[in-house]
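One-letter residues, chain by chain:
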Amino acid sequence: MTPTTDAHSPSVEFSPTLPQIVGVLGGGRMGAGIAHAFLMAGCTVTVVERDLDALGGAHVRVHAAVQKSAEKLRTSPPAQEPAANAAHAADAAHAAMARLRLSTDYVHLAPCALVVEAVPEVVELKTKALLEAERHLDAAAVLATNTSSLSVTDLARNLARPENFLGLHFFNPVPASLLVEIVAGLRTSPALASAATGWVAALGKTAVSVQDSPGFASSRLGVALALEAMRMLEDGVAGAQDIDNAMVLGYRHQTGPLRTTDLVGLDVRLEIADYLARTLGPRFDPPQILRDKVARGELGRKSGKGFFDWDPPPAATPAATLHPRQPHEGPRP
Ligand SMILES: NC(=O)c1ccc[n+]([C@@H]2O[C@H](COP(=O)([O-])OP(=O)(O)OC[C@H]3O[C@@H](n4cnc5c(N)ncnc54)[C@H](O)[C@@H]3O)[C@@H](O)[C@H]2O)c1
């Protein structure tokens, strides 16, 4: 890689080869998916959560995603015989879970070459988590945020090494989504943004590169469509399924804007809309129906109800069976 000559940053080289030791802050919906993506690409991944209960949930989510990948491998057209496929799938799942580390202590991020932050979309929370992570990392390590909408430049403000920080915006659900937005803040090293396209390719996904701007490309457009769909529902123009069908069948969207909102989480979308309204103007003001549903706890798939009804989410592993552990320990049962 060409060394950067940015006045703010020392010369730093970034390799397009995928970092092999990776940390993920927050093992919720996105963090678990991101952890799964790196595990399946052969990396060792440490997921750090805020407490043992949350750690149990993270473990369940990562394990379920790995099992789903293994099942896909098992049922894919056999390279040799079905039995060989099954053995290969079981081995791959076992190997991936053996590379997973779980902790509630940021100190276990120390060996990571890359840490992806995926804590809730609350600026104070993210700033604190990023600062705490950076404290434990090597000077050459890269920090990334999975923020959907917050300013990467602002999140970098208090970091000691803002040139080593960028946005890696994965999409939900991570295993099925082929897109990652690479967001360069004002002080992100151009060499880092360029190297990250190689990492995204190594995860089997495609990168789009955007400059830091509210909502980037994807959230700004996606939220605009979803808010209009909610206003139409509120105005009684059509039912949720019909509004979604108009986009799915009429415009070949894979999922309608209301179902997508259920998958993203209504609370997450409300936070993003509030932020976009503050930064880009009142066209992003969240409709009352969104505020009401969030206030009632109708958060979409994760709560069993949003604009549609969903099966209840899987139960978390009882916290008592999980303990923070050292990164060098073996697989968690
Ligand atoms: N849900 C989506 O569709 C989606 C898509 C793209 C990006 N994002 C972004 O990804 C981020 C996470 O979203 P999510 O949907 O996974 O949220 P989530 O609520 O499912 O997960 C957040 C996790 O962070 C953990 N956490 C909270 N504080 C922490 C701390 N200090 N240290 C470590 N872990 C902590 C929580 O326990 C929780 O498990 C947000 O920035 C969101 O905007 C979400």
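Numbers given to residues run from 1 along each chain, matching the order in which its sequence is written. Restriction of local features to residues with pLDDT of at least 70 applies here, the model being predicted, together with a cutoff of 80 or more for giving and counting side-chain atom pairs; totals for whole chains, interfaces and linings are based on all residues.

Q: Before we move on, can you summarise the pairing of strand E5 (residues 142-145) with the specific residues and values?
A: Put plainly, a residue is buried at 20 or more neighbouring C-beta atoms within 10 Å of its own, exposed at 12 or fewer, and partly exposed in between, counting only other residues' C-beta atoms, which are placed from the backbone. Comment: elements are numbered from the N terminus, with helices defined as DSSP H or I runs of at least four residues and strands as E runs of at least two. Side chains Val142 and Ala144 project from E5 onto one buried face, and the interleaved Leu143 and Thr145 project onto a second face that is buried too. For the handedness criterion, the strands are oriented away from the viewer, and a crossover whose path from the first strand over the helix to the second runs clockwise is classed as right-handed. Crossover handedness for the path strand E4 (residues 114-117) to helix H4 (residues 123-136) to E5: right-handed. Strand pairing is defined by DSSP finding a minimum of two bridges between the two strands. As paired strands, E5 and strand E6 (residues 165-170) are joined by 3 bridges and run parallel to one another. Bridged to Leu143 within E6 is Phe165.

Q: Summarise unusual backbone geometry; cite the residues concerned and give the values.
A: The linkage connecting Asn172 with the following residue, Pro173, adopts the cis geometry, with an omega of -5°. Within the secondary structure, Pro173 sits in the loop between E6 and strand E7 (179-184). With phi around 50°, Phe216 is a residue other than glycine that occupies positive phi space. Looking at where Phe216 falls in the secondary structure, it is placed in the loop between strand E8 (206-211) and helix H7 (218-234).

Q: Quick rundown of the site of the ligand? Include the residues and the values.
A: Near the ligand there are 25 residues, and of these Gly26, Gly28, Met30, Asn172 and Val264 occur at the shortest range. Looking at the shell around the ligand, the elements that each hand over two or more residues are helix H1 (29-40) and H4. Counting residues per element, the shell around the ligand draws most heavily on H1, at 3 residues. When its residues are assigned to classes, the shell around the ligand shows 12 nonpolar, 9 polar and 4 charged. Nearness here is judged by the C-beta atom: place it from the backbone, and if it falls within 6 Å of a molecule or strand, the residue counts as near that partner. Charged residues are taken to be Asp, Glu, Lys and Arg, nonpolar residues to be Ala, Val, Leu, Ile, Met, Phe, Trp, Tyr, Cys and Pro, and polar residues to be all remaining types, Gly included.

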